[in-house]
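Coordinate analysis (summary)
Listed below are the residues making up each chain.
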Amino acid sequence: MDLNVLHNIGYGMYIVSSNKGNLLNGQIANTVFQITSEPVTIAISINKKNLTHEYIESARKFSVSILEEEAALSFIGRFGFKSGRSEDKFKDIKYIKLGSGCPVVIDNALCYLEAEVVDQFDCFTHTLFIGRMIDSKILKTGRPMTYEYYHQVKRGTTPDTAPTFIKGEGVIKKADKSKQKYVCKVCNYVYDPETGDPDGGIQPGTAFEDIPDSWVCPVCGAKKSEFVKYE
Ligand code: FE
């Protein structure tokens, strides 16, 4: 069995949100699929440990925001690597509340939909929720971010899940500090001096050593000191 086969399955990048009374939460999800067209049903797979899971079970509704390619890594990191149990992910971001009370993230979203849970299936670590679409809206035109784009272009990559064609990248000479990549111990984001971190104010061509100490991981917000050399 070759697990690399799984890297060839296509996915998108979404924020799935729900609420428990006035409490709001959302998370990045790549598994959002339309299942049927009449009626329109949507399936999402959510980890049982996530706060969003608890909220969906409570509200029996969820929203899906479809992210644009322009969405910054730090924005994705906020919804993908932080827990709503330790911070309010909706603080200082644009969102709306639908009539049902379900929140929808509209920052960096091209469009959204809301669904009412009609069934759910236990799937080991996750629950597969089936929702009937009850609302939807286009917010702007643009290109929806795919999971592949997130990894390949936004560089929100994790080495152990990177598709095999990344392995063809040039070998870094250990002595050449200006080209040494560094990896975040928290989220596995790889800083590549060649591309820098323009969203974070770091120009392409900046060696890791020359990045100011105030810089943080664009994905998870970890300090520069949490980075180690990427071998
Ligand atoms: Fe990180």
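Residues numbered from 1 in each chain as written. Predicted model: local features only at pLDDT ≥ 70, side-chain atom pairs only at ≥ 80, totals over all residues. Heavy atoms only, no water.

On the surface, a nonpolar cluster with roughly 520 Å² of combined accessible area is contributed by M1, L3, L6 and I9. With respect to the element layout, I9 can be found in the segment before β1 (14-20). (Patch = residues over 30% accessible without salt bridge, like charges linked within 9 Å, V, L, I, M, F, W, Y side chains within 5 Å. Areas by Shrake-Rupley, 256 points an atom, 1.4 Å probe, with all protein chains shown as cover. Salt bridge = Lys/Arg side-chain N within 4 Å of Asp/Glu carboxyl O. Helix = DSSP H or I, 4+ residues; strand = E, 2+ residues; numbered from the N terminus.)

Glancing now at the packing of aromatic side chains. This model, assessed by the stated rule, comprises 13 aromatic pairs. Aromatic pair F79 and F90: ring centres 5.9 Å apart, planes at 90°, arrangement edge-to-face. Of this pair, F79 sits in helix α2 (residues 73-80) while F90 sits in the loop between α2 and β6 (95-97), placing them 11 residues apart in sequence. You can call F79 buried: its relative accessible area is 1%. The exposure class of F90 is buried, given its relative accessible area of 3%. (Phe/Tyr/Trp six-rings, centres within 6.5 Å; stacked < 30°, edge-to-face > 60°. Buried < 20%, exposed > 50% of the residue type's maximum accessible area, 1.4 Å probe, protein only.)

Before going further, it helps to spend a moment on the sheet that holds strand β10 (residues 182-184). The three strands are arranged β11-β10-β12 in an open sheet whose pairing can be described as antiparallel. Of all strands in the sheet, those with a lone pairing partner are β11 (190-191) and β12 (227-229), marking the two edges. (Pairing = 2+ DSSP bridges.)

Moving on: the coordination of the iron ion. For the iron ion, the full set of protein donor atoms is C184 (SG), C187 (SG), C217 (SG) and C220 (SG), and the range of their distances to it is 2.3 to 2.4 Å. Every donor counted, the four donor atoms about the iron ion form angles of 104 to 114° at the centre, which fits tetrahedral coordination. We note that the donor set of the iron ion lies within a single chain, spaced as C-x2-C-x29-C-x2-C. (Donors = N, O, S within 2.8 Å, 3.2 Å for Na, K, Ca; no water. Tetrahedral: all angles 85-135°; square planar, octahedral: opposite > 155°, others 65-115°.)

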